Structure formats: structure tokens, C-alpha cells
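# Survey of secondary and tertiary structure
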Amino acid sequence: MIRASGDIRAALARRLGIGPTDAAAIDHLVASPEPLGPVELGNRLGIRSASATTLVDRLVQAGHVERTPHPGDRRRVALQVTDHAFTEVVEALSPMLAGIEQAVDRLTPDQAAATTAFLREVTTVMRTYATPTNPPPP
């Protein structure tokens, strides 16, 4: 399932006609609970500041992302996925999501409860693993 997840990001990039890093950037922006600026996005992608700026410029020019004032600090810029890009992503993922819904519909209530508990626990383990124990060097 973990390998399939990486394959999905690559397939999404192909379907959207963008590179894998661009798809990863959009994924981070959509999934982040707090607004991300170019520096934070670059850190999440593991790329340098100059590369992050180039990436953001490319996403803005393609109409996938827009720069907005940061809600918590007006001196900063926040990146927002455009409605058009969000719709494109949802449409590209809809066949896979429909298949997942069909698989869920075949579960009994007990199977669904057990599966949900298992996936939540695995998600916690994976997020714990992904959280750096020491902050990365500047």
C-alpha cells in the first residue's frame, strides 16, 4: 500500500501533465492544515529555496497555485491551490476514489470498524516515523 501511494502520486502527475515534484507540492498545499509559504513548501519537498521559488513560479504560471497574503503575518506570502487545480486533482483521482468506495461498501460493519482502527493506528505510526526527531539544519 505504501508503494502504491507513491505510484499514485506519479500517476496523478502524468494525468495532470505536470512533474512529480509539482504534484507533490500541490499535495502538500492541499493537505497542510496551516498555510504554507515557499520556504515551508521547499522544506517539505526537501529542495533549496531557489528551487522552491522556481517551482512556485511554475505552478503560479500554470494556474495551479496563487500567492496570497499570509493570514497570520501580512509580511509573508501564503500559497493557495486554485479552485481549478483542486477540481483537476479531484477529477483525476475520481476513478480511484470510486474504486475505494466500492471496496468500503463491501465491508461488513465489523470489518469496517476493524479496518478503520487499523488504518488509524498505522497512520499514527507512519506520521511518527516521518516527524523529524531533530530539526533539519538551516
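Up top you'll find the structure we're talking about.
Quick look at the structure, then. (Residues numbered from 1 in each chain as written. Predicted model: local features only at pLDDT ≥ 70, side-chain atom pairs only at ≥ 80, totals over all residues. Heavy atoms only, no water.)

## A few points about the packing of helix 2 (residues 20-31) against helix 4 (residues 49-61)
Here helix 2 crosses helix 4 at 80°, and the two axes come no closer than 11 Å. The orientation of helix 2 relative to helix 4 falls into the category roughly perpendicular. Packed against helix 2, whose contacting residues are Thr21, Asp22, Ala25 and Ile26, the element helix 4 presents Leu55, Arg58 and Leu59 at the interface. Broken down by class, the residue content of the contact of helix 2 with helix 4 amounts to four nonpolar, one polar and two charged. (Axes fitted to C-alpha atoms, helices over the stretch in contact; angles between N-to-C directions. Helix = DSSP H or I, 4+ residues; strand = E, 2+ residues; numbered from the N terminus. Parallel < 35°, antiparallel > 145°, perpendicular 65-115°, else oblique. Contact = heavy atoms within 4.5 Å. Nonpolar A, V, L, I, M, F, W, Y, C, P; charged D, E, K, R; others polar.)

## Comments concerning the layout of surface pockets
What the largest pocket holds in volume is close to 2100 Å³. Surrounding the largest pocket, 43 residues form its lining, Ser5, Arg9, Asp27, Met126 and Arg127 being those nearest its centre. Residue assignment for the lining of the largest pocket shows that the elements contributing at least two residues are helix 1 (2-16), helix 2, helix 3 (38-45), helix 5 (83-105) and helix 6 (109-130). No other element matches helix 6, which puts 11 residues into the lining of the largest pocket. Counted by class, the lining of the largest pocket contains 28 nonpolar, nine polar and six charged residues. In this model, the second largest pocket occupies a volume close to 170 Å³. Of all elements in the fold, only helix 2 and strand 2 (77-81) reach the threshold of two or more residues within the lining of the second largest pocket. Residue contributions to the lining of the second largest pocket peak at four residues, all from strand 2. Residues belonging to the lining of the second largest pocket are distributed by class as follows: nine nonpolar, two polar and two charged. (1 Å grid on protein atoms, 1.4 Å probe; cavity = no way out; pocket = protein on both sides within 12 Å on 5 of 7 lines; lining within 4 Å. Points joined across faces, edges and corners; volume = space filled by probe spheres on them.)

## Let's talk about the pattern of salt bridges
Per the stated rule, a full pass over the model turns up six salt bridges. Across the pair Arg44 and Glu34 runs a salt bridge, and its minimum N-O distance is 2.7 Å. Taken together, the residues Arg44 in helix 3 and Glu34 in the loop between helix 2 and helix 3 connect sequence positions 10 residues apart. One salt bridge in this structure joins Arg76 and Glu40, with 2.2 Å as the shortest N-O distance. Residue Arg76 is located in the loop between strand 1 (65-69) and strand 2, and its partner Glu40 is located in helix 3; the two are separated by 36 residues in the primary sequence. Arg76 sits in the partly exposed class, given a relative accessible area of 31%. (Salt bridge = Lys/Arg side-chain N within 4 Å of Asp/Glu carboxyl O. Buried < 20%, exposed > 50% of the residue type's maximum accessible area, 1.4 Å probe, protein only.)

## Notes on the environment of Pro71
Relative to the helices and strands, Pro71 resides in the loop between strand 1 and strand 2. Residue Pro71 is classed as exposed on the basis of its relative accessible area of 59%. Distance in space between the C-alpha atoms of Pro71 and Glu34 is 9.7 Å, their sequence separation being 37 residues. Look past the residues within four positions of Pro71 in its chain and what remains in contact with it is Pro35 and Ala78.

## Observations concerning the nonpolar core
The biggest cluster of nonpolar side chains holds 21 residues, and the ones touching the most others in it are Leu29 and Leu41. Where this core is concerned, the elements lending two or more residues are helix 1, helix 2, helix 3, helix 4, strand 2 and helix 5. Examining the composition of this core, we find that five residues originate from one element, helix 2, more than from any other. The contact partners of Leu41, leaving out residues within four places of it in the chain, are Ala25, His28, Leu29, Leu55, Val56 and Leu79. (Core = buried A, V, L, I, M, F, W, Y, C linked by side-chain atoms within 4.5 Å.)

Taken by themselves, the reported measurements are silent on function.
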